[in-house]
Amino acid sequence: MTQTRRIPGTAIAAHAVLITYTIIALFPVFVILINSFKTRRAIFRDPLGLPTEETFSLIGYQTVFKQGDFFLYFQNSMIVTVVSLTLILLFGAMAAFALAEYRFKGNTPMGLYLALGIMIPIRIGTVAILEMMVSTGLVNTLVALILVYTAQGLPLAVFILSEFMKGVSDDLKNAGRIDGLSEYKIFFRLVLPLVRPAMATVAVFNMIPIWNDLWFPLILAPAEEVKTLTLGSQVFIGQFVTDWNAVLSALSMAILPVMVLYVIFSRQLIRGITSGAVK
Amino acid sequence: MTALKLENVNKFFGSVHVLKDINLTVEDGEFVVFVGPSGCGKSTLLRVIAGLEDASSGTVTIGDDVVNTVPPAKRGIAMVFQSYALYPHLTVKDNMGLGLKQEGQPRAVVEERVSKASKMLDLEEYATRRPAELSGGQRQRVAIGRAIVRDPKLFLFDEPLSNLDAALRMNTRVEIAELHRTLSASMIYVTHDQIEAMTLADKIVVLRDGRVEQVGTPMELYNNPANRFVASFLGSPSMNFLERSVPDVPDGQTIGIRPEHLRLAQSGRISGMVTHVERLGGDTNLLVNTDQGETVTVRLFGQDPTEVGDVVRLEFAEDNAFYFNEAQERIFEAAA
Ligand SMILES: Nc1ncnc2c1ncn2[C@@H]1O[C@H](COP(=O)(O)OP(=O)(O)O)[C@@H](O)[C@H]1O
Ligand SMILES: [Mg+2]
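### Comments concerning the overall build of chain A
So, step 1. Looking only at helices and strands, one finds 14 helices and zero strands in chain A.
So, step 2. In sequence order, the secondary structure elements of chain A are arranged as α-α-α-α-α-α-α-α-α-α-α-α-α-α.
So, step 3. By principal-axis analysis of the C-alpha atoms, chain A measures approximately 70 × 70 × 30 Å.
So, step 4. When each of the 279 residues of chain A is scored for burial, the buried share is 39%.
So, step 5. At a minimum sequence separation of 6, the contacts of chain A that also span at least 24 residues come to 71%.
So, step 6. Between the averaged position of the 20 positive side-chain charges in chain A and that of its 15 negative side-chain charges there is a distance of 8 Å.

### Some points on the pattern of salt bridges
Residues and elements named next belong to chain A.
So, step 1. Taken as a whole and judged by the stated rule, the model has 18 salt bridges over all chains.
So, step 2. Of the charged contacts in the structure, one is a salt bridge between Glu 163 and Lys 166, with a shortest N-O distance of 3.6 Å. With Glu 163 and Lys 166 both in helix H8 (residues 142-166) and three residues apart, the pair spans about one turn of that helix.
So, step 3. Note on Glu 163: relative accessible area 45%, which makes it partly exposed.
So, step 4. Judged by its relative accessible area of 51%, Lys 166 is exposed.
So, step 5. By sharing partners, the salt bridges in this structure join Glu 101, Asp 170, Lys 173, Arg 177 and Glu 183 into a single network.

### Observations concerning the pairing of strand S2 (residues 16-27) of chain B
All names here are of chain B.
So, step 1. Bridge count between strand S1 (residues 2-13) and S2: eight bridges; the pairing is antiparallel. In the strand pairing of S2, Lys 5 is matched with Thr 25.
So, step 2. Connecting S1 to the antiparallel partner S2 that follows it, the hairpin turn spans two residues, and Gly 14 within it adopts a positive phi of roughly 60 degrees.

### Let's talk about the environment of Ile22(B)
So, step 1. You can see Ile22(B) is positioned in strand S2.
So, step 2. Apart from the residues lying within four places of it in its own chain, the contact partners of Ile22(B) are Leu6(B), Glu7(B), Asn8(B), Val9(B), Leu45(B), Leu207(B), Gly210(B) and Val212(B).

### With respect to the site of ligand 1
So, step 1. Close to ligand 1 lie Arg103(A), Phe13(B), Val18(B), Pro37(B), Ser38(B), Gly39(B), Cys40(B), Gly41(B), Lys42(B), Ser43(B), Thr44(B) and Arg47(B).
So, step 2. Ligand 1 sits at a junction of chains, with neighbouring residues supplied by chains A and B.
So, step 3. The contact in question runs from an oxygen atom of ligand 1 to an N or O atom on the backbone of Gly41(B), over 3.1 Å.
So, step 4. Here an oxygen atom of ligand 1 and a side-chain polar atom of Thr44(B) are 2.5 Å apart.
So, step 5. When the free accessible area of ligand 1 is taken as 560 Å², the share hidden by the protein chains comes to 61%.
So, step 6. The biggest single contributor to the shell around ligand 1 is helix H1 (residues 42-50) of chain B, with four residues.
So, step 7. Partitioning the shell around ligand 1 into residue classes produces four nonpolar, five polar and three charged.

### A short note on the interface of chain B and chain A
So, step 1. Tallying the contact residues gives 25 residues for chain B and 17 residues for chain A.
So, step 2. Contact between chain B and chain A buries roughly 1600 Å² in total, counting both sides, with carbon and sulfur atoms accounting for 60%.
So, step 3. Counting the contacts that link chain B with chain A gives two salt bridges.
So, step 4. With a shortest N-O distance of 2.8 Å, Glu53(B) and Arg103(A) are connected by a salt bridge.

### Details of a nonpolar patch on the surface
All names here are of chain A.
So, step 1. The grouping of Tyr 102, Phe 104, Met 110, Tyr 113, Leu 116, Ile 118, Met 119, Ile 120, Ile 124 and Phe 159 at the surface amounts to a nonpolar patch, some 1000 Å² of accessible area in total.
So, step 2. Here the nonpolar patch takes five residues from helix H6 (residues 107-119), the largest share from any one element.
So, step 3. Note that Tyr 102 resides in the loop between helix H5 (70-101) and H6.

### Some details on the sheet that holds strand S7 (residues 154-158) of chain B
Either a parallel or an antiparallel arrangement is found when strands of a sheet pair, and the pairing is made through backbone hydrogen bonds.
All names here are of chain B.
So, step 1. Ordered in space as S6-S7-S8-S3-S9-S10, the six strands form an open sheet in which the pairing is mixed. Looking at the sheet topology across the chains shown, the edges are occupied by strand S6 (77-80) and strand S10 (211-216). Here the average twist between neighbouring strands, direction ignored, is 20 degrees.
So, step 2. By the bridge criterion, four bridges tie strand S3 (residues 31-35) to strand S9 (residues 203-208) in an arrangement that is parallel. Bridging across to S9, Val 32 finds its partner in Lys 203.
So, step 3. Packed onto the sheet, helix H5 (residues 166-183) meets S3, S7 and strand S8 (186-191) and runs at close to 165 degrees relative to S8.

### Side note on a negative patch on the surface
So, step 1. On the surface, Asp122(B), Glu124(B), Glu125(B), Glu175(B) and Glu178(B) cluster together to form a negatively charged patch.
So, step 2. Note on placement: Glu178(B) falls in helix H5.

Calculation rules
- Residues numbered from 1 in each chain as written.
- Chains lettered and ligands numbered in written order.
- Predicted model: local features only at pLDDT ≥ 70, side-chain atom pairs only at ≥ 80, totals over all residues.
- Heavy atoms only, no water.
- Helix = DSSP H or I, 4+ residues; strand = E, 2+ residues; numbered from the N terminus.
- Buried < 20%, exposed > 50% of the residue type's maximum accessible area, 1.4 Å probe, protein only.
- Contact = heavy atoms within 4.5 Å.
- Lys, Arg positive; Asp, Glu negative; His and termini not counted.
- Charge placed at Lys NZ, Arg CZ, Asp CG, Glu CD.
- Salt bridge = Lys/Arg side-chain N within 4 Å of Asp/Glu carboxyl O.
- Pairing = 2+ DSSP bridges.
- Near = heavy atom within 4 Å.
- Polar contact = N/O pair within 3.5 Å; in protein donor to acceptor, adjacent residues only side chain to side chain.
- Areas by Shrake-Rupley, 256 points an atom, 1.4 Å probe, with all protein chains shown as cover.
- Nonpolar A, V, L, I, M, F, W, Y, C, P; charged D, E, K, R; others polar.
- Buried area = accessible area lost by both parts, 1.4 Å probe.
- Patch = residues over 30% accessible without salt bridge, like charges linked within 9 Å, V, L, I, M, F, W, Y side chains within 5 Å.
- Axes fitted to C-alpha atoms, helices over the stretch in contact; angles between N-to-C directions.

Function cannot be inferred from these measures alone, as they are strictly geometric.
Set out below in structure tokens:
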């Protein structure tokens, strides 16, 4: 006899809270989506109404596609996000493994130093970063963005992953050593698969801020051919007139890839958690 | 020839002295058990032998070679861990074969040795399963198989049975003993369980706080413990230590008598009242509170009508008594 079955009130209350939260969280997304399919007049007359036969319009999407560079922006955002995430996970996991696995002088100070970045926002260093990028000639390249995002994501990644790696059985790693696996193989083949849920967590935490960031693209890579989607969408927002159809359409399309990535990672997340618990 | 020789091995973790000047030899084909309470350094010693930890000082010799700087995979050892430590993403077959593959053995050799070990351990029908799809006992057999396949000079077992339930533990213990007879390989087996130590060992090494307390065959240690620690650690129920209840024991000395060496006798030297009775069928254990306020365990063979609350007198043969001084060391000539 489970607790929830005896007290259905608890379950109902829990679900009520969760459903309320979901509705609140999804409401803006929903409004953006429905309005992206409406005429400009309909958007302003009845912002919460669903598109009807007379108010339905694809004008926003047409504008966005006619703008032409939309796919390029999209591609830039994709490259920056995916490469940054890959680097964060790879280097973060490697540093975490070293901190968790090896006893060396200065292990603890090194861990604290690497974790310091969690508390200090990277934007404080924007001027210095810009100067560095200028002097290395990386301004207006995607590399500049990737480097900055990787640096921004690493502290939390190292922190979370090293905690998880400390939990991986020593016996398993030792068995690998006795079987002659190199430290690299132990890392890639034994440890990484076991911390996959933590990797997914880190990926999800980092993905959205990188995808949505406006600050660094605006400062480090404003040129046309390296614009990210968020920056690119800004052309529709003018000082005096804003093309709301186009803005809403661009935003709607920008949600898609993040959702896909999110679904991939969160499935890993859930699989990892349950496989650990039900073992 | 000796399979393993440890000379003056010390191990520090930071400033903590975990292994203290260990000297030890394991002969070819010998089954040696390291036994001692939790935290006494058994696993650490095993890991030093395996090369998973470096000794802080001293030499480790396996076969004819000093292996202090040799990596674990090249030491000719195989290890079985308490937590099985199977590779979760590999099948049973691949778990067993991985070590050989890493050595660069041809596939045919790997196949052959894996199937031989699977046959020996009744694992053939599970060859393509993953560890998650096996029971605890099966996992431990796979771990043992992984060790056998490597055909090591020296087997190392770190508490391999402590995650198994009682019935399975007994079976697997017998299997390991049989394995030792079949392979006639040298084996080191770590346990905190004195029954495993007594039943499996050719030679027992009793460890305490990182120090070797005594080395000998199970019966030597049982019949002739060097100190109170060894005496109390081996044998179940464990030895009684009495300071006051036996007349004529000099001040500062303790007399040790095993529960099975006590018997009920009208004119016995120890007198007290029964406070608890355990009837096991084959044996009966009595807990007796002596008139001097000490507790004595008595093991009677067969079934006995004694009840809680009975007043009894206990007797023992002087041959079966051990004397210990205040430093807990054995005194050989009992003070008369
Ligand atoms: N990696 C380590 N770092 C620091 N101390 C350790 C480490 N491994 C073991 N120890 C300490 O060494 C002692 C012996 O441990 P261990 O060999 O695991 O004991 P046993 O296997 O006999 O239970 C314990 O006090 C333990 O805390
Ligand atoms: Mg141990």
